[in-house]
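# An overview of the molecular structure
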Amino acid sequence: MFSLHQIKDASGKLKTGADFPAYVQDLLKIGVTEYVTFVTDGHTVFFGEEDFSIQSEDNFEPVEVAEETNREKFVQGLIDHQQGRLDFPGFCHLAAASGVARWMVDTNAKTCTYFNTAGEIVLSEHIPPAK
């Protein structure tokens, strides 16, 4: 099974959201089948085969997630993050302000799905191939 050290090595290559497809590919190579990131503090739970899971530490001080979802604001922030204009903590803070509570990445299906506090899908997108 994979370790937090392996995950940190893969995430160390992330400079902007533009590096995200390669990060997902690296996680798949070490055995991560999916992961869920929680916007409140940036911690992530990584899942692998045979019900294996491991949790990362918090990435920043807790933030409150808005109850009302603002999809348009979130999508613009996501575009900014993907184009390198918004770092990870900034993206998480924007997501929280937009009502996005968590996202789930399926490394096999190459999808990333964002959920609000009610568990409703705000956005689901296909992760493009790594460059």
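Residues numbered from 1 in each chain as written. Predicted model: local features only at pLDDT ≥ 70, side-chain atom pairs only at ≥ 80, totals over all residues. Heavy atoms only, no water.

### Re the sheet that holds strand β2 (residues 44-47)
- Read across the open sheet, the six strands follow the order β3-β2-β1-β4-β5-β6; overall the sheet is antiparallel. Since the sheet does not close on itself, it has two edges, and those belong to β3 (53-55) and β6 (121-126), each with one partner. In this sheet, adjacent strand axes meet at a mean angle of 15 degrees when their direction is disregarded.
- Note that strand β1 (residues 34-38) and strand β4 (residues 100-106) share five bridges and pair antiparallel. The residue bridging T37 from the neighbouring strand is W103, located in β4.
- The sheet contacts of helix α2 (residues 20-30) involve β1, β2 and β4, and relative to β1 the element is tilted by about 125 degrees. (Pairing = 2+ DSSP bridges. Helix = DSSP H or I, 4+ residues; strand = E, 2+ residues; numbered from the N terminus. Axes fitted to C-alpha atoms, helices over the stretch in contact; angles between N-to-C directions. Contact = heavy atoms within 4.5 Å.)

### With respect to the pattern of salt bridges
- Summed over all chains, the structure comprises two salt bridges.
- The partner of K13 in a salt bridge is D26, and the shortest N-O contact between them spans 3.3 Å. Of this pair, K13 sits in the loop between α1 (4-11) and α2 while D26 sits in helix α2; the two residues are 13 residues apart in sequence, bridging distant segments of the chain.
- For D26, a relative accessible area of 17% puts it in the buried group.
- In this structure, D80 engages R85 in a salt bridge whose closest nitrogen and oxygen atoms are separated by 2.7 Å. (Salt bridge = Lys/Arg side-chain N within 4 Å of Asp/Glu carboxyl O. Buried < 20%, exposed > 50% of the residue type's maximum accessible area, 1.4 Å probe, protein only.)

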